[in-house]
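Structure assessment
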Amino acid sequence: MNAALLQTGWLARRSVLRTLRRPAAFFPAVAYPVLLLTLFSGGLDLSTRLHGFPAGSYFSFLLAGGFVQAALVGGVNSGVDLATDIQTGFLGRLLTAPMNRGLIVAAQLCGSAALAVVQAAVCLLVGLAAGVRPAGGAGGALVIVALTMTMSLAFSSCGALLALRTRSSEAVLATFPLTFVLLLFSSFFMPRPLMEAHWFRSLATGNPVSYLIEAVRSLLIGGGTAHAVATGFAVAAVLAAAGLGLTTLALRSRTVLA
C-alpha cells in the first residue's frame, strides 16, 4: 500500500509540474476564459435591461461561465498530455509495472486539478478587479474553487478516455471547438427563463454545462439556492465518476499500449 501511494505521488507530481511548466498549454488555458469574458461582456451589456434579468452587470452574470470554460479547456489539455504519453511510449512502459490502473488514471489528472485552482483564482481576481463581490463571501469563493476542481476532474477524465481511444494528441486537440459549442447551447449568455426560443431553451436544459454554470452563478451574484449548488456538484461528480470509471476500464483492458 505504501509503495502504491508513493508511486502515485510521484506520478501526480510529474503531472502537476508538467502542466505548470508548459507555457504553451498553461497560459492559453488561463487566458482564454478571461478573453471570452472581455469580448462578450461589453457587446451584450444591454441584456441587463431585460425584465427579470438576475444581475445589474452583464460581466458579473457572464463570469460564472468563465470557470466552466476554464475546466473545459483544462480537460482538453489533460487529454492531450495523456495522448502524448501514449505516443512517446511512457504510458506503455508504465502499464508493465504492478500498479493499480485506477491510481494511474487519478495521478495523471492531478495536473488538471492544479491548473483548475490557478484558473479559478485568476477568474476570481478578474471579477474582483471588475467590482464583482461573490454573494457567498470568502466561503462561497472557496466553494467555487472546489466546484471548479470537480468540473476539471470530470472533463479531464473525458479527455483521458478520448486519448486512450484515439491515441492521438491531434485528435484530442481537435475537440477544442466543442467546448465553445457546449457553452453556446447553455445558459452561459442568457438565463434559461428568459430564452424565448423553445428549442434553444430545451437544448440548454438538456445540457449539463448549464447546471454547472448556474451553480457557480448562484454563488457569485446570489439569487440562487442551495439546490442549484448541490445540482452543480452532483452533475460534476456524476460526469467525473463516469469518466474515471470508463477510463480505468479502458486502461485495464490492455497490459501495454503499443
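One numbering rule holds for all chains: residues counted from 1, following each sequence as written. Given that this is a predicted model, residues contribute local features only at a pLDDT of at least 70 and side-chain atom pairs are listed and counted only at 80 or more, while totals for whole chains, interfaces and linings are drawn from all residues. As a rule here, side-chain values cover all heavy atoms of the structure and leave hydrogens and water aside.

On to the overall build of the protein, then. If you tally the helices and strands in the protein, you get 12 helices and 0 strands. Radius of gyration means the value over C-alpha atoms here, while the globule rule gives 2.2 Å times the residue count to the 0.38 power. Scaling as 2.2 N^0.38, a compact globule of 258 residues should have a C-alpha radius of gyration of about 18 Å, and the protein matches this with 19 Å. Only protein chains enter the area calculation, which uses a 1.4 Å probe; residues under 20% of their type maximum are buried, those over 50% are exposed, and those in between are partly exposed. When burial is assessed residue by residue, the protein has 48% of its 258 residues classed as buried. Residue pairs at least 24 apart in sequence account for 78% of intrachain contacts in the protein once pairs closer than 6 positions are excluded. Secondary structure elements follow DSSP: runs of H or I of four or more residues count as helices, runs of E of two or more count as strands, with numbering from the N terminus. We call two residues contacting when some pair of their heavy atoms lies within 4.5 Å.

Looking now at helix H6 (residues 110-129). Its 20 residues place the ends of H6 29 Å apart at the C-alpha level, agreeing with the 28 Å of an ideal helix rising 1.5 Å per residue. Of the residues trailing H6, Gly-131 is marked for its positive phi of about 95°. The length a helix should cover is 1.5 Å for every residue beyond the first.

The next point concerns the nonpolar core. In this structure, Phe-67, Met-151 and Val-216 are the most contacted members of the largest nonpolar core, which totals 40 residues. Breaking this core down by element, the ones donating at least two residues are helix H2 (23-43), helix H3 (58-88), H6, helix H7 (137-166), helix H11 (208-220) and helix H12 (226-252). Beyond its immediate stretch of four places on either side in the chain, Val-216 contacts Ala-64, Phe-67, Ile-144, Leu-147 and Met-151. What we call a nonpolar core is a set of buried Ala, Val, Leu, Ile, Met, Phe, Trp, Tyr and Cys residues that are connected through their side-chain atoms within 4.5 Å.

A few words now on the packing of H11 against H12. Taken N-terminus to C-terminus, the directions of H11 and H12 make an angle of 140°; their axes are 8 Å apart at the nearest point. Taken together, the axes of H11 and H12 are oblique relative to one another. Crossing angle aside, the handedness with which H11 passes H12 is left-handed. For the pair formed by H11 and H12, the contact residues are Pro-208, Tyr-211, Leu-212, Glu-214, Ala-215, Ser-218 and Leu-219 on the first element and Ala-228, Val-229, Thr-231, Gly-232, Val-235 and Ala-236 on the second. Residue type decides the class: Asp, Glu, Lys and Arg count as charged, Ala, Val, Leu, Ile, Met, Phe, Trp, Tyr, Cys and Pro as nonpolar, and the leftover types, Gly among them, as polar. Considered class by class, the residues forming the contact of H11 with H12 number 9 nonpolar, 3 polar and 1 charged. Angles here are taken between N-to-C directions and fall from 0 to 180 degrees, while the axes themselves are lines fitted to C-alpha atoms, restricted in helices to the stretch in contact. In these notes the angle categories are as follows: under 35 degrees is roughly parallel, over 145 is roughly antiparallel, 65 to 115 is roughly perpendicular, and the rest is oblique. Throughout, a crossing is termed right-handed when the near helix is turned clockwise from the far one, and left-handed when it is turned anticlockwise from it by less than a right angle.

This paragraph deals with a nonpolar patch on the surface. On the surface, a cluster of nonpolar side chains totalling about 300 Å² of accessible area is made up of Tyr-32, Leu-35 and Leu-39. By secondary structure assignment, the location of Leu-39 is in helix H2. Patches in this entry comprise residues that are over 30% relatively accessible and not in a salt bridge; like charges within 9 Å are linked, as are nonpolar side chains (Val, Leu, Ile, Met, Phe, Trp, Tyr) within 5 Å. Only the protein chains shown count as cover for residues, and the accessible areas themselves come from Shrake-Rupley with a 1.4 Å probe. By definition, a salt bridge exists where a carboxyl oxygen of Asp or Glu is found within 4 Å of a side-chain nitrogen of Lys or Arg.

Relative to the helices and strands, Leu-212 resides in helix H11. It is 21 Å that separates the C-alpha atoms of Leu-212 and Gly-56, two residues lying 156 residues apart in sequence. Here Leu-212 is in contact with Val-68, Leu-147, Met-151, Phe-155, Gly-232, Val-235 and Ala-236, once residues within four sequence places are set aside.

Another point: the packing of aromatic side chains. Any pair of Phe, Tyr and Trp rings, taking the six-membered ring for Trp, is counted once the centres come within 6.5 Å. Such a pair is stacked with planes under 30 degrees apart, edge-to-face with planes over 60 apart, and tilted for the rest. Overall, the coordinates contain 7 aromatic pairs when judged by the stated rule. Aromatic side chains Phe-53 and Phe-61 sit 4.8 Å apart centroid to centroid with 50° between the ring planes, which places their arrangement in the tilted category. For Phe-61, a relative accessible area of 1% corresponds to the buried category. Here a set of aromatic residues connected by ring pairs shows up, and it is made of Phe-53, Tyr-58 and Phe-61.

Summarising the element assignment, Gly-139 is placed in helix H7. Residue Gly-139 is classed as partly exposed on the basis of its relative accessible area of 42%. Distance in space between the C-alpha atoms of Gly-139 and Arg-13 is 28 Å, their sequence separation being 126 residues.

Another aspect to go through is the side chain of Ser-218. Relative to the elements of secondary structure, Ser-218 occurs in helix H11. Overall, the relative accessible area of 12% leaves Ser-218 in the buried class.

Over the atoms, a rolled probe matching the size of one water molecule traces out where space is still vacant. Site definitions follow a grid-based scheme: protein atoms alone, a 1 Å grid, a 1.4 Å probe that fits but cannot get out for cavities, and for pockets an open set with protein on both sides within 12 Å along at least five of seven lines, plus lining residues having an atom within 4 Å of a point. Grid points are joined across faces, edges and corners, and a volume is the space filled by probe spheres set on the points. Overall, the coordinates contain 2 cavities of 30 Å³ or more when judged by the stated rule. Here the largest cavity is characterised by a volume of approximately 70 Å³. Every residue lining the largest cavity is listed: Ser-15, Arg-18, Thr-19, Arg-22, Gly-74, Asn-77, Ser-78, Asp-81, Gln-108, Gly-111, Ser-112 and Leu-115. Going through the elements one at a time, helix H1 (2-20), H3 and H6 are the ones with two or more residues in the lining of the largest cavity.

pLDDT expresses, on a scale from 0 to 100, how confident the predictor is about each individual residue. Here the protein shows a mean pLDDT of 82. Residues at 70 or above account for 93%. The least confident element of the protein, judged by mean pLDDT, is H2 at 72; the most confident is helix H10 (residues 198-206) at 93.

It is worth spelling out the environment of Phe-61 at this point. Tracing the sequence through the fold places Phe-61 in helix H3. Each C-alpha atom of the pair Phe-61 and Ser-218 lies 9.6 Å from the other, and the pair is 157 residues apart in sequence.

Backbone geometry places Arg-167, a non-glycine residue, at a positive phi of 55°. Tracing the backbone shows Arg-167 in the loop between H7 and helix H8 (169-173). A relative accessible area of 31% places Arg-167 in the partly exposed class.

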